[in-house]
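Per-entry structural report
Here is what each chain is made of, one letter per residue.
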Amino acid sequence: MKKLYPITLSRALSRALSSSSSSTSSSAQSTAFPLKHVTKGNFESALAELRRHVAAADFVAIDLEMSGVTSAPWRESFEFDRSDVRYLKVKDSAEKFAVVQFGVCPFRWDSSKLSFIAHPHNFYVFPRQEVLIDGPSYEFLWQTTSIEFLAKYQFDFNACIREGISYLSRGQEKEALRRLSMAYEDELSDTWCNMKEVRDIPINRMADVLFAERIKNRFSEWRDGLLQDRHGGSQLQWNSNDSKQQFQTVFFKMRPTFNLTGFTSHQFRLIQLVINKHFKDLSYVRVNGDDLCSQQLVVYTESKDDRDLLMKEVKDENRRVAEMKIQAAIGFRHVIDLLSSEQKLIVGHNCFLDIAHVYSKFIGPLPSAAEEFVSSVNKYFPHIVDTKILLNANLVLQQRMKKSSTTLSSAFALLCPQIAISSKSTGLTFQQCVQVEVQVDDKRSSNWNSGAKHEAGYDAFMTGCIFVQACSYLGIDFKHHSPSENLAHNEKLCKHVNHLYLSWINGDIIDLSTGNKVAELFGTNDFKKKYPNILFENIVLIWGFPSKLKAREITESICKVFGLTSVTSVYHLDETAVFVQFSKPEFVSYFLLLKENLEKSDGPISVLHPLAKLLEGGNTHAGNYETYKEICSSPISKVLFANQAEAVGIKWKREAVEPKIAVESKEPTSFWEENAVNNSTKSSEKSKQGKVHNAKKGFGSSPFPFETESVHFMVRSDLK
């Protein structure tokens, strides 16, 4: 049997290999394309401008550049990945890698010029932690192939890290406000005045005793000087230059105040202790500034009521400053909130991973279940179109794309030849191209050179251009398009809205509005021709076997036990793990049970048995498909799958031993359920019980070879 190896390529690297232009030419032409670059320096003004463009737009195209795609080779999307497992892999990618560029390009139809006006924005994004949130600082992975790819296309890493726009997700903002509210409402909290923590500090060291006494004397002199000055005396003056630097008399909230500087954190605590113990008319407060600095102040108060009023004023001021910091830290998420609130049609290219990143970074933690994710995405973004769907949803479009790949750059060059000026001639005749003009700030142009491919802003522009050309092929005539018309509700387009490829490899399409699986309208997927029937309940996952074993040898050893036609395919996850698909679901449980019994036996049977080569070394483990799903759900990512399984703590799934035949009385209602149900021929419960009984009877722990051979024949005659 032919051995199949997965190819480990990031999305970014795949783009690079499919691009026909060199990095040098892209760099030379990039300055000619009018693209709005946005960093934290010009974010506020760019956001205000973007709000106007999005409000007037017919749709908004987006594209993301990430720091990587897969945290381990086996986390690539495989042909044998069930839909719920594919979601777990997408979830892992979105959680581990960062978004470093975000392209947003609103498109508006200009009926006076019969063309679309595009406003491409290229946002540099960096997950800088601006406010205190529970947990460690942000961490993310860089995939080396993605770094090399971005560098090849002159990605500005300095602009990303130094000038990238930070952000808070909705969940993080909610948590930050909750913490702020708790601190404000707790009268004993040391967040504002640090009163509680200093009450019981013992002063034992001689240096602390002397410092506390010195501070006490100075505050007494200062307070007495204030009272003397009130009665017409002269204000106290310090003799030491150091004292002048450390104790500066100012006014705070119209009250005489000492501004304390130059002390250590320990000395500040001692100062607070002295104030609390010896001075009823002095109050120690810390005032948070608009920047990261704070002021340490000792304020003179006239009475207890005046002191309470001061404390409330300080709390209110600190809360206001903290709320402003939280609002400022929201950063780039304002763009996501804008897209969500305007309910515009969002257009992406093969964008399921992009949408998962948007959810993870700017909304909240990704749900563990795919159904919940689909429902939540539709709540925030009710209208999403994947241009890769459109390229395969129309027979004419599919025929035109037949000689070309459906990658972004290839589709742009093929469908938008009048826009992609620098693209090579395709030698084909096209219908009239829908015109697109670009406007950045006050400059509007219909003539430009090709931009820098794989820069998020330009890729978003290409995505939008492909969309309008695809709409034209679908029969949408923009000349009759009204600005008040919601493009997402157009009868020729609406049947493709919210249809996304969960996996382009498998051709699986989901409907975000329902969660159901959607059949491809035209053509068949090449993978489905090669693997017409993947039956997940027929699959055994085997890992940790001797590295020298090939797929053919694994197949031969299993077929010697279960019959020549018992194995339909073997698929390698990596050199340490394979999927074995049996011809019947019963074989899964029989194999797991046989493996367990063979490993319990210390007799010659373990050496003579056909599976001995597979089990050699004692490190071979196996489980059903649910075991694979459980391993994929772990946030751990070891390079080799066998090491991953060991790190997760899965060596043997006892529940996988019992044979399970799926009997479904109703049709699956969702895409996820449909993929989880075995579509093999159902067995009756009576027949299933008989086979289980025979299997347990045959696969005993007997050490005698001849008994084992008789078991082999029994299994074959019983199950064929």
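On a predicted model such as this, the values are computed, not experimentally measured, just so you know.

So, how was this worked out
- In this convention, every chain numbers its residues from 1, walking through the sequence in written order.
- Only residues with pLDDT of 70 or above have their local features reported here, since the model is predicted, and side-chain atom pairs are shown and tallied only from 80 upward, although totals for entire chains, interfaces and linings are computed over all residues.
- Think of the side-chain values as coming from all heavy atoms in the structure, minus any hydrogens and water.
- Buried, partly exposed and exposed residues are distinguished by accessible area as a fraction of the type maximum, computed with a 1.4 Å probe on protein chains only: under 20%, between the cut-offs, and over 50%, respectively.
- The helix count covers DSSP runs of H or I at least four residues long, the strand count covers runs of E at least two residues long, and both are numbered beginning at the N terminus.
- Whether two residues are in contact is decided by their heavy atoms, any of which lying within 4.5 Å being enough.
- By the convention used here, strands pair only if DSSP detects at least 2 bridges between them.
- An axis is simply a line fitted to the C-alpha atoms; with a helix, the fit covers only the stretch in contact. Between two such axes, the angle follows the N-to-C directions and lies from 0 to 180 degrees.
- The span one expects for a helix is its residue count, reduced by one, times 1.5 Å.
- By nonpolar core is meant a set of buried Ala, Val, Leu, Ile, Met, Phe, Trp, Tyr and Cys residues that side-chain atoms within 4.5 Å join together.
- The split of the chain into domains comes from an automatic or database domain assignment.
- Any Lys or Arg side-chain nitrogen found within 4 Å of a carboxyl oxygen on Asp or Glu counts as a salt bridge.
- Ring pairs are drawn from Phe, Tyr and Trp, using the six-membered ring of Trp, whenever the two centres fall within 6.5 Å, and their geometry is named by plane angle: stacked under 30 degrees, edge-to-face over 60, tilted for the rest.
- Geometrically, a charge over a ring is one whose NZ (Lys) or CZ (Arg) sits within 6 Å of the ring centre while staying within 35 degrees of the ring normal.

**Some points on the pairing of strand E2 (residues 59-66)**
Remark: a regular strand shows side chains that alternate across the two faces of the sheet. Among the eight residues that make up E2, eight are buried, leaving the element largely enclosed by the rest of the structure. Residues Phe-59, Ala-61, Asp-63 and Glu-65 point to one face of E2 and Val-60, Ile-62, Leu-64 and Met-66 to the other, with burial holding for every one of them.

**Some remarks on the side chain of Glu-173**
Its place among the elements puts Glu-173 in helix H7 (residues 170-185). For Glu-173, a relative accessible area of 14% puts it in the buried group. If sequence neighbours within four positions are ignored, Glu-173 has contacts with Leu-168, Ile-326, Gln-327, Ile-330 and Arg-333.

**Thoughts on the sheet that holds strand E20 (residues 621-623)**
A sheet is described by the order of its strands in space; here four strands give the open sequence E18-E19-E17-E20, paired in antiparallel fashion. Of all strands in the sheet, those with a lone pairing partner are strand E18 (567-574) and E20, marking the two edges. With strand direction ignored, the average angle separating the axes of adjacent strands in the sheet is 20 degrees. Pairing of E18 with strand E19 (residues 577-582), which is carried by six bridges, proceeds in the antiparallel orientation. For Tyr-571, the partnering residue across the bridge sits in E19 and is Phe-579. Running at roughly 140 degrees to E18, helix H20 (residues 551-562) makes contact with strand E17 (539-543), E18 and E19 of the sheet.

**Some points on helix H11 (residues 304-330)**
Look at H11: 39 Å from first C-alpha to last across 27 residues, which is about the 39 Å you get at 1.5 Å a residue. If you check which residues of H11 are buried, you get Asp-306, Leu-310, Met-311, Val-314, Lys-315, Asn-318, Val-321, Ala-322, Ile-326, Ala-329 and Ile-330. Positive backbone phi, approximately 50 degrees, marks Gly-331, located one or two places after H11.

**A few points about the nonpolar core**
Counting residues in hydrophobic clusters, the biggest one holds 72 residues, and the most contacted among them are Phe-102, Phe-123, Phe-332 and Tyr-628. Element by element, the count of residues in this core is highest for helix H13 (residues 352-362), at seven residues. Each of domain 1 (36-167 + 332-386 + 434-519) and domain 3 (536-648) gives at least three residues to this core. Discounting chain neighbours no more than four positions away, the residues touching Tyr-628 are Trp-74, Phe-78, Asp-81, Val-85, Lys-89, Leu-541, Leu-573, Phe-579 and Phe-641.

**Let's talk about the pairing of strand E10 (residues 345-348)**
Burial along E10 is two-sided: the face carrying Leu-345 and Val-347 and the face carrying Ile-346 and Gly-348 are both buried. Relative to E10, E2 runs parallel, the two sharing three bridges. The residue bridging Phe-59 from the neighbouring strand is Leu-345, located in E10. Judged from the three bridges that link them, E10 and strand E11 (residues 384-386) form a sheet pairing that is parallel. In the strand pairing of E11, Gly-348 is matched with Asp-386.

**Side note on the sheet that holds strand E16 (residues 517-518)**
Strand pairing in a sheet is mediated by backbone hydrogen bonds. Such pairs are either parallel or antiparallel. Ordered in space as E14-E15-E16, the three strands form an open sheet in which the pairing is antiparallel. The two strands at the open ends of the sheet, each matched to only one other strand, are strand E14 (499-503) and E16. Taken together, the four bridges between E14 and strand E15 (residues 508-511) define a ladder with antiparallel strand orientation. What sits directly across from Ser-503, in E15, is Asp-508.

**Overview of the pattern of salt bridges**
All told, the structure shown has 28 salt bridges when counted by the stated rule. With a shortest N-O distance of 3.0 Å, Glu-173 and Arg-333 are connected by a salt bridge. Taken together, the positions of Glu-173 in helix H7 and Arg-333 in helix H12 (residues 333-342) put the pair 160 residues apart, joining distant regions of the chain. Just as Glu-173 is buried, Arg-333 falls in that class too. As a salt-bridge pair, Arg-552 and Glu-556 come within 3.3 Å of each other at their nearest N and O atoms. Here Arg-552 pairs with Glu-556, and both are found in helix H20, just four residues apart, close to one helical turn. Take Arg-552: its relative accessible area is 43%, and that puts it in the partly exposed class. Through salt bridges that share partners, Arg-82, Asp-84, Glu-626 and Lys-629 make up one connected network.

**Brief notes about the packing of aromatic side chains**
If you walk through the whole model with that rule in mind, you get 49 aromatic pairs. Measuring from centroid to centroid gives 5.3 Å for Tyr-87 and Phe-373, while their planes differ by 40 degrees, and the two rings are tilted. Of this pair, Tyr-87 sits in helix H4 (residues 83-96) while Phe-373 is found in helix H14 (residues 370-380), placing the two residues 286 residues apart along the sequence. Assessed through its relative accessible area of 1%, Tyr-87 is described here as buried. Look at Phe-373 and you get buried, because its relative accessible area is 1%. Judged by centre distance (5.4 Å) and plane angle (70 degrees), the rings of Phe-562 and Phe-587 are edge-to-face. Taken together, the residues Phe-562 in helix H20 and Phe-587 in helix H21 (residues 586-600) connect sequence positions 25 residues apart. Given a relative accessible area of 5%, Phe-587 falls into the buried group. Members of the aromatic cluster, connected to one another through ring pairs, are Phe-33, Phe-59, Phe-107, Trp-109, Phe-116, Phe-412, Tyr-458, Phe-461, Phe-467 and Phe-478. Here the basic side chain of Arg-82 rests over the ring of Phe-536, its NZ or CZ set 5.9 Å away from the ring centre.

The analysis is restricted to geometry; functional conclusions fall outside its scope.
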